[in-house]
Amino acid sequence: MACLGFVPGGFLVKGGLGSASCGRTGGVFKGWRVRCSAASSLKEDIREGMGMNDSKEASDSIDVREILDRRISEAMLRAFGDSAADADPMLTAATKEEFGDYQCNAAMSFAKKMKQKPRDVAAKIVEELQIADLCTEPQIAGPGFINLTLSTEFIQSKLRLMLNDKDRLGIEKKNPPQRIVVDFSSPNVAKEMHVGHLRSTIIGESICRLLEFLGHEVIRLNHIGDWGTQFGMLILYLKQVAPEVIKGEEVDLGDLVAFYKKAKVKFDENDEFKSNARKEVVELQAENEESMAAWRHLCEQSRKEFKKIYDELDITFEERGESFYNPYLKDVITSLQEQGLAVEDGGAQVVFLDGIANRDGSSQGLIVQKSDGGFMYSTTDLAAMRYRADVDRAERILYVTDVGQAFHFEQVFQVARRAGFVSDTVSLEHVPFGLVLGEDGKKFKTRSGATVKLKDLLDEAVSRAEADIVARLKAEDREESEEFIRSSSRKVGLSAVVYADLKTTRTSNYRFSFDKMLALQGNTAPYMLYAYARIQGINRKVGSEDLDLPSVDVVLDDISEKSLARHLIRLPRILAELEVELKPHTLCDYIFELSQKFNQFYERCSIANAESEELKRSRLALAQLTARVLKLSLHLLDIKPLERL
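Source: prediction; values computed, not measured. (Residues numbered from 1 in each chain as written. Predicted model: local features only at pLDDT ≥ 70, side-chain atom pairs only at ≥ 80, totals over all residues. Heavy atoms only, no water.)

Asker: In this structure, what is going on with the pairing of strand 8 (residues 342-345)? I would like to understand it.
Answerer: Working note: regular strand, side chains alternate between the two faces of the sheet. Bridging between strand 8 and strand 9 (residues 348-357) involves 4 bridges; their strand directions are antiparallel. Paired with E344 across the strands is Q349, a residue of strand 9. Hairpin connection between strand 8 and strand 9: a loop of 2 residues separates the two successive antiparallel strands, and G346 in this loop has a positive phi of roughly 65°. (Pairing = 2+ DSSP bridges. Helix = DSSP H or I, 4+ residues; strand = E, 2+ residues; numbered from the N terminus.)

Structure, rendered in C-alpha cells:
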C-alpha cells in the first residue's frame with residue numbers, strides 16, 4: 001500500500017499512525033503517487049498512475065506542474081535506471097519570470113547519490129527530457145539548476161481549454177471522488193457565537209467549497225456543543241427564576257447567555273444548588289420528558305440565532321451535535337475494554353497512549369469514562385469518528401479547530417486507530433488555525449474586556465463599509481440607489497471579514513483591523529471586488545458580451561500578455577495544492593497577484609484601441625478569462641463578487 005505520511009496542514013493521514021512522509025506532496029494527489037517502495041512500484045505509478053498516454057496527457061490535462069513532474073521522473077529513469085526510482089523531481093515554480101516558469105532542482109541532491117557533479121547530472125536529465133510539446137529548450141543554470149520555460153504555443157493551448165469551459169475553466173472533477181467529512185464551526189448552545197468561532201466557520205466553508213468544486217462528496221457537519229452537565233445547571237436555574245422559558249416561551253439568546261452566567265455563579269457558590277443541578281443532569285440523561293423538552297427548547301432558541309449568522313455568511317451544513325452520539329458512547333467503552341485498551345485507573349476508564357509520556361516517563365492516559373460513569377469529550381469524539389467511518393463511509397475526515405486542540409486530536413486519533421474504529425484507509429486530519437488578536441497583538445476583546453460577539457463584529461464591518469461607500473460616492477459626485485448602497489455595503493463588509501481571515505496563513509495568529517481589511521489598496525476583499533468589477537466594466541464598455549471566446553486565438557506578443565497568461569494557467573495547480581494543504585491563503589495570494597498582473601497588462605495593452613480587430617478580440621478574451629478566474633476563486637472563498645462598485 002502506498003505510504004501517505006503527513007499531509008501539510010493536517011495531522012494524520014492514510015497509512016496509520018506515524019507513517020513517514022514520502023515525496024514532495026505526501027502522495028495524496030489522486031493523479032499519481034510516489035511510493036515508499038521498490039523501483040518497480042515507482043515505474044508503475046509513473047507509467048500507469050495518471051491513466052493517460054503522453055499525447056493525450058499534454059492536450060487534455062491542464063495541470064502543467066503535474067505533467068512536468070511526470071516527464072522529469074521519466075527522464076531520470078531513462079538516464080539513471082533504477083537508481084532514480086525514488087528520486088524526487090524537486091520541481092518548483094521559478095522565483096523570477098526571467099528564470100522561466102519552473103525550476104528543477106533534482107540534480108543538486110541526486111548528484112550526491114550518483115557521486116557526480118550536479119551540472120553533469122543535470123545535463124543527462126536534460127538529454128532525456130521530452131518536453132518539446134510543453135517548453136522551449138531547457139536551460140542549465142548555476143551549479144545544476146534546470147530552468148524550464150513554457151512555450152507560447154503550449155500556453156495558448158491551455159488558455160483555449162480554459163476559454164472553452166466557462167464554468168470549470170478546464171479543471172476536471174476528481175475521478176474517483178472521495179467521501180469527505182468536514183467538521184467545522186461548532187458553537188455551544190446557550191452561548192452566543194463569538195470571534196473565536198469566526199475562523200473555524202470561514203475556513204471550514206472555504207475548504208468545503210473547494211473540495212466540492214473538485215468533485216468530492218462532502219459531508220458538512222456542525223458538531224455543536226448541545227450536551228453536558230451545564231444543561232442541568234441551566235435548566236434548574238430557569239425552573240427557579242424563569243419557568244416560562246423552559247415551557248416554550250421565546251427567549252433572546254443574549255438573555256439566555258445572561259441566565260447561563262448567573263446559573264454558573266450560583267452553581268459555584270451554592271452547594272445545595274450544585275447538588276440539585278447534578279440531579280437534573282441525571283434526569284436529562286435518563287431522558288425525563290420534562291427535562292428533555294426544556295433541553296430541546298434551549299437548543300432551538302440557540303439554533304435560530306446561529307442560523308442568522310450562517311445565513312449572513314452563506315454557510316450551510318448538517319447539524320450533528322454531541323447529543324447525536326449519546327446512544328453510541330457505552331459501546332465505545334465496551335469495545336475499548338474488550339480489546340484491553342481501556343483499563344481502570346483511579347476508578348476511571350483510561351487508555352494509555354503509545355509514544356506519549358508524562359514528565360516522569362510513564363505513559364500518558366486518555367480518560368474515556370470518569371469514575372462516576374460520566375463520559376468525556378474524548379468519548380464523544382471517538383464515537384463520532386467511528387460513525388463517520390462506518391455509517392458515513394468517509395475516506396477523509398477533517399476537523400477545523402484552533403491549534404490549541406492539536407494534542408487532543410493526537411490522542412483520540414491514536415486511540416481510534418488502535419481500536420479499529422477508523423481503518424488505515426481513512427485519513428484523519430486536524431486542520432488547526434491560529435488566534436484572532438486585537439490590533440495591539442493581545443487577545444481580541446471589547447473595550448470592557450468582554451469577548452467580541454460575532455454578530456456585533458459583522459454588523460460593524462457592514463456599517464463601516466457603508467460609510468466608506470457613501471463617502472466615495474460623495475467625493476465622485478455620483479448618485480446610487482439606497483438598495484445599491486445597502487447591498488454593496490453588506491457584500492463588501494462581510495467579504496472584508498472573510499477575506500482578511502483567509503488571506504492569513506491558517507496556522508498563524510492574525511491581528512484584526514477594520515481599517516486594514518476595508519482598505520481599497522493591498523491584498524484585501526475591497527481591492528479584489530474592485531478588480532473584478534473593473535474588468536466587468538471594461539468588458540461592458542468594449543462589448544465582450546458578443547465575443548465568442550472559444551473561437552478566439554489568444555495573441556501573446558507583449559510581455560504583460562504572456563505574464564498574465566502564464567499566471568492564469570497556474571490555477572489548477574493552486575487548487576490541487578489547496579486540496580492537500582487546506583490553506584486558503586494560497587488562493588488569496590494567487591488572485592491578488594493575478595489582479596496585479598492584469599493591471600500591468602491593461603496599462604500596457606489597450607483593448608478598446610488595439611491595433612487590429614484580432615488583437616482586440618485576444619485582449620478581450622484575456623480580460624474575460626481573468627474575470628472568470630476571479631469569480632470562481634472568490635466563490636471558493638465564500639465571497640460574492642460585485643458586477644460594479
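Asker: Would you take a moment to explain the sheet that holds strand 1 (residues 91-93) for this structure?
Answerer: Pairing between sheet strands relies on hydrogen bonds along the backbone, with the strands arranged either parallel or antiparallel. With antiparallel pairing, 4 strands are arranged side by side in an open sheet as 1-2-4-3. Strands with a single pairing partner mark the edges of an open sheet, and in this sheet they are strand 1 and strand 3 (139-141). Each strand axis lies, on average, 30° off the axis of its neighbour in the sheet, ignoring direction. Two elements, strand 2 (residues 102-104) and strand 4 (residues 145-148), share 3 bridges in a ladder whose sense is antiparallel. Residue pairing across strands places C104 opposite I146, the latter belonging to strand 4. Its contacts with the sheet put helix 3 (residues 64-80) on strand 1, strand 2 and strand 4, and the angle it makes with strand 1 is roughly 150°. (Axes fitted to C-alpha atoms, helices over the stretch in contact; angles between N-to-C directions. Contact = heavy atoms within 4.5 Å.)

Asker: Before we go on, may I ask you to explain the side chain of N105 in this structure?
Answerer: Residue placement: N105 occurs in the loop between strand 2 and helix 4 (106-114). Residue contacts for N105: discarding those within four places in its chain leaves P89, M90, T92 and F145.

Asker: What am I meant to see in the pattern of salt bridges here?
Answerer: Overall, the coordinates contain 45 salt bridges when judged by the stated rule. Across the salt bridge formed by R464 and D515, the nearest N and O atoms sit 3.5 Å from each other. Remark: D515 occurs in helix 18 (residues 514-517) and R464 occurs in helix 16 (residues 454-475); sequence separation between them is 51 residues. A relative accessible area of 58% places D515 in the exposed class. Taken together, the shared-partner salt bridges in this structure form one network comprising E205, R209, E212, R220, D314, D638 and K640. (Salt bridge = Lys/Arg side-chain N within 4 Å of Asp/Glu carboxyl O. Buried < 20%, exposed > 50% of the residue type's maximum accessible area, 1.4 Å probe, protein only.)

These figures capture arrangement, not role.
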